[in-house]
Amino acid sequence: MREDEFSEAMGGIDEELIAAAEKSREQQKKRSKAPLWIGVCSVAACAVIASAVLLGMGKDNPPISTDSSNVHRLAQAVYPEMPKFNVPYSTGIGSCTEEDEAQGREWSRYKIDVEKMAAGRTESARNFLDDSMKLFLSDADGKNAVFSPINTYMALAVAAETAEGSGRQQILDALGAGSIEELRDSAGRLWSYAYSDDGLTTCVLGNSLWLRDDSEYDADTLQRLADSYYASSFSGKMGSEEYDSELREWLNEQTGGFLTGYTDDVRLSPETVLGLYSTVYFSAQWDDRFREENNTQGVFHSPDGDVQAEFMNWTDVSMSYFWGKDFAAIALHFEDDGMMWLVLPDEDVTAEELAQDSELYGLLHDGYEWEDRSYPEVTLSIPKFDVSAKTELKQGLQQLGITDIFDSERADFTPLSEELDGAAVGSIDQSARVMIDEDGCTAASYVEIEYVGAAPPDDKVEFILDRPFLFFITDDSNDVYMPLFGGVVNHP
Amino acid sequence: MNDSDIVALYWSRDEAAVRETQQKYQGYLMKIACNILYNREDGQEAVNDTYMKAWNAMPPHKPDLLSVFLGRITRQLSIDRWRGMTREKRGGGEFSLSLDELSDVVSGQDDAERSFEMSQLSECIGTYLRGISAEKRDVFLWRYYFCDPIRDIAARRGESEAKIKSMLFRVREGLKQHLEKEGFAL
């Protein structure tokens, strides 16, 4: 078929689709030129969640494979090879060779396939993803908060594989899975969807189990965890410096050395029978960078009083602007995939209060299809921030209905080891850090602005994040709801 | 004047219908025509022909969405006119550039023994577009239905041209796979 005939066929598609595209086309104010700022801004974020289970000692366990040290690797997760992003082919920048074309097509097909594979897979887990964010972000109490719902989802999914009975069932119910097979399937698809190592974006969800070298563990379960959840399993002497050192090394490797402030203190006590560690590492560049020369020093009105902060600024930008009853929001895109939502509560609403607002999560879910949206010229001013937090998840998870894995009378971890009979999860903590910055420099004016979230904006909007705000890192596909991180910035 | 009043004028055979249409939709239709024809005079002729065709079509037609109805006529007339141009005159426009991009999806060869109706193909394209995000769908239609320049789309959305190209590329690839799966040998 000729291209013009195909284009002619485009003229015959539903008028409803054309009308919708026509409407959004007219709504979006045209600019005579594209934004001049392009480039990089690095974002790195990672989170660690760990649970420790206390139990008595057991028998010697022969390692499946041995290293030279006393730490043995029982099962190894093998991450998939991902095609590399090809700049000339996918963006039209530079000359494109046949090799570029082949690589570009391969990358594109990979992305399409994993998106299709994961489409709709978090819908059943949406309540958990949203409710856990509501719970842990609203608890910031004037401090910074960072929470990764997808990290918690993965950690609990791995925990469900090691559990049986009511403990497992409660996790399945909380995560919206009808069975362990369904959860395994969904978690595997989501892992594959989130995973990125294409030279453009790095996103790796890591899982590992740290087992006692004097206990026996079910090899099939460990292999299933490696195959379905990309979970590696290690065996060593609990409480030994060598084992702790290996664990820290694994955590630092998985999180790109970004969480050393927290991992330096990680220890497995001699009484621990199982350590389950899940990590998320995410690193991406802004689709359009901030210029450092546009930065300004300004005042951030934190709950404890005004503090000086360095603000990154944009002017003369056309972008999507969203609003709800109590907030206004914009989304900064990363190169290729994903975005960071920046959400400013109305003046009379705290970030913590807004974190409990279901409408906010509706925005994250609906994204581009959010109805209260316009396309004004936006002047953005955002403080550079580097926020981290360690969150105790146990109490919150109990509020979400996961109670029995913490109760030694009810917990059952025998699918992993008969010797875990009577063991219970002692604690689940999550440590997370999110940082945004830019590179470059200039100056721009800092303008304070006020607006009402529920009112439609004028053609020009100044979006000044000079008081506590929320951020969320999500995927930008409407087919897969993937909230990687959420946070409250009370102190940039 | 609202669309239903304009349509009523056509139905009552009132020549004010054309004047009102021109007043309301001239700019919109010229944009479609000029994106395809890359020439203001040719575009103006296609738009004038649109008014004539609309006059002849209403009645019996009573479009719910007058803008889409008129835009479709302009688009088809412009494509027909583009086909009648010499190769030299065709070059350079956004329509030609968008067709180059669509070579990802089709073979580019004449297919005398086509095994499907164009309406089936249109329906299948529509089905695919309904299955992707509104964001991607809009960008795709802006480019391949309205033939908007990529730089305009990028500026409109406040995103880089590279991002728009990458997005379009992936939608084309997805569409191609969908059409192949549905049995369209293009």
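Small disclaimer: the values here were computed from a predicted structure and weren't measured.

Trainee: Just give me the short version of the overall build of chain A, but keep the residues and values in it.
Mentor: Looking only at helices and strands, one finds 14 helices and 19 strands in chain A. Of the contacts made within chain A by residues no fewer than 6 positions apart, 77% connect residues no fewer than 24 positions apart.

Trainee: Describe the domain arrangement of chain B, listing the residues and the values that go with them.
Mentor: Residue and element names in this part refer to chain B. Entries for chain B in the domain assignment read domain 1 (3-89) and domain 2 (94-181). In this assembly, four residues from domain 1 lie in contact with five residues from domain 2. Ranked by residue count, the leading element in the side of domain 1 that touches domain 2 is helix α2 (residues 16-37), at three residues. Within the side of domain 1 that touches domain 2, the residues separate by chemical class into three nonpolar, one polar and no charged.

Trainee: Describe the nonpolar core, and please don't skip the residues or the numbers.
Mentor: Residues Ala157, Leu175, Trp341, Leu342 and Leu470 of chain A are the most contacted members of the largest nonpolar core, which totals 137 residues. Looking at this core, the element that brings in the most residues is helix α6 (residues 149-162) of chain A, giving nine residues. With residues up to four places along the chain from it excluded, the contact list for Trp341 of chain A reads Ala329, Ala331, Leu364, Phe471, Phe472 and Thr474 of chain A. One finds Met1 of chain A together with Tyr144, Ile153 and Ile164 of chain B within the second-largest nonpolar core, a separate group that totals 64 residues.

Trainee: Account for the environment of Arg2 of chain A, with residues named and values stated.
Mentor: Counting through the fold element by element, Arg2 of chain A comes out in the segment before α1 (3-10). The partly exposed category is assigned to Arg2 of chain A, around which 18 C-beta atoms lie within 10 Å. For the pair formed by Arg2 of chain A and Lys390 of chain A, sequence separation is 388 residues and the distance between their alpha carbons is 59 Å. Not counting the four nearest positions on each side in its chain, Arg2 of chain A is found in contact with Val106, Gly108 and Asp110 of chain B.

Trainee: Before we move on, could you go through the sheet that holds strand β19 (residues 483-489) of chain A and cite the residues and values that matter?
Mentor: Residues and elements named next belong to chain A. One open sheet holds the seven strands; their spatial order is β3-β19-β18-β12-β11-β10-β13, and the pairing between them is antiparallel. Only two strands of the sheet have a single partner each, and these edge strands are β3 (145-147) and β13 (373-374). By the bridge criterion, two bridges tie strand β10 (residues 321-323) to strand β11 (residues 327-333) in an arrangement that is antiparallel. The residue of β11 that forms the bridge with Phe322 is Ala329.

Trainee: Describe the confidence of the model for chain B, with residues and values.
Mentor: Residue and element names in this part refer to chain B. Residue-level pLDDT values for chain B average 86, and 94% of them are 70 or greater. When pLDDT is averaged over each element of chain B, helix α1 (residues 3-11) comes out on top at 93 and helix α5 (residues 87-90) at the bottom at 67. Predicted complex, confidence summary: ipTM 0.83, pTM 0.72.

Trainee: Summarise the packing of α6 of chain A against helix α8 (residues 180-194) of chain A; cite the residues concerned and give the values.
Mentor: All names here are of chain A. α8 packs onto α6 with a crossing angle of 140° between their chain directions and a minimal axis gap of 10 Å. Taken together, the axes of α6 and α8 are oblique relative to one another. Seen along the crossing, α6 lies across α8 with a hand that is left-handed. Judged by residue contacts, Ile150, Met154, Ala157, Ala160 and Glu161 of α6 engage Ile180, Leu183, Ala187 and Ala194 from α8. Of the residues contributing to the contact of α6 with α8, the split by class is eight nonpolar, no polar and one charged.

Trainee: Quick one: what's the story with helix α3 (residues 40-57) of chain B, residue by residue and with numbers?
Mentor: The periodicity of an α-helix, 3.6 residues per turn, causes residues three or four positions apart to be oriented the same way. All names here are of chain B. Here α3 is 18 residues long and its end C-alpha atoms lie 25 Å apart, about the 26 Å a rise of 1.5 Å per residue gives. Every buried residue belonging to α3 is among Asp42, Gly43, Ala46, Val47, Thr50, Tyr51 and Ala54, and all of these are buried. As for α3, its buried residues are in contact with α2 and α4 (66-84).

Trainee: Lay out the environment of Tyr10 of chain B with the relevant residues and their values.
Mentor: All names here are of chain B. Mapped onto the fold, Tyr10 is located in helix α1. By the C-beta count within 10 Å, which is 24 here, Tyr10 ends up buried. Once you skip the residues sitting within four places of it in the chain, Tyr10 turns out to touch Ala17, Trp55 and Met58.

Trainee: Kindly report on unusual backbone geometry, identifying the contributing residues and their values.
Mentor: Of note, the amide linkage connecting Met58 of chain B to Pro59 of chain B takes the cis form, showing an omega dihedral of -10°. By secondary structure assignment, the location of Pro59 of chain B is in the loop between α3 and α4. In the segment running from Pro59 of chain B into Pro60 of chain B, the intervening peptide bond is cis, with an omega of 15°. With respect to the secondary-structure elements, Pro60 of chain B resides in the loop between α3 and α4. Not every positive phi belongs to a glycine, and Tyr230 of chain A is a case in point at roughly 50°. A positive phi angle, near 55°, is found at Arg13 of chain B, a position not held by glycine. Along the chain, Arg13 of chain B falls in the loop between α1 and α2.

Definitions and cut-offs
- Residues numbered from 1 in each chain as written.
- Chains lettered and ligands numbered in written order.
- Predicted model: local features only at pLDDT ≥ 70, side-chain atom pairs only at ≥ 80, totals over all residues.
- Helix = DSSP H or I, 4+ residues; strand = E, 2+ residues; numbered from the N terminus.
- Contact = placed C-beta atoms within 7 Å.
- Domains from an automatic or database assignment.
- Nonpolar A, V, L, I, M, F, W, Y, C, P; charged D, E, K, R; others polar.
- Core = buried A, V, L, I, M, F, W, Y, C linked by C-beta atoms within 7 Å.
- Buried ≥ 20, exposed ≤ 12 C-beta atoms within 10 Å, placed from the backbone.
- Pairing = 2+ DSSP bridges.
- pLDDT = per-residue confidence, 0-100.
- Axes fitted to C-alpha atoms, helices over the stretch in contact; angles between N-to-C directions.
- Parallel < 35°, antiparallel > 145°, perpendicular 65-115°, else oblique.
- Left-handed = near helix turned anticlockwise from the far one by under 90°.
- Expected span 1.5 Å × (residues − 1).

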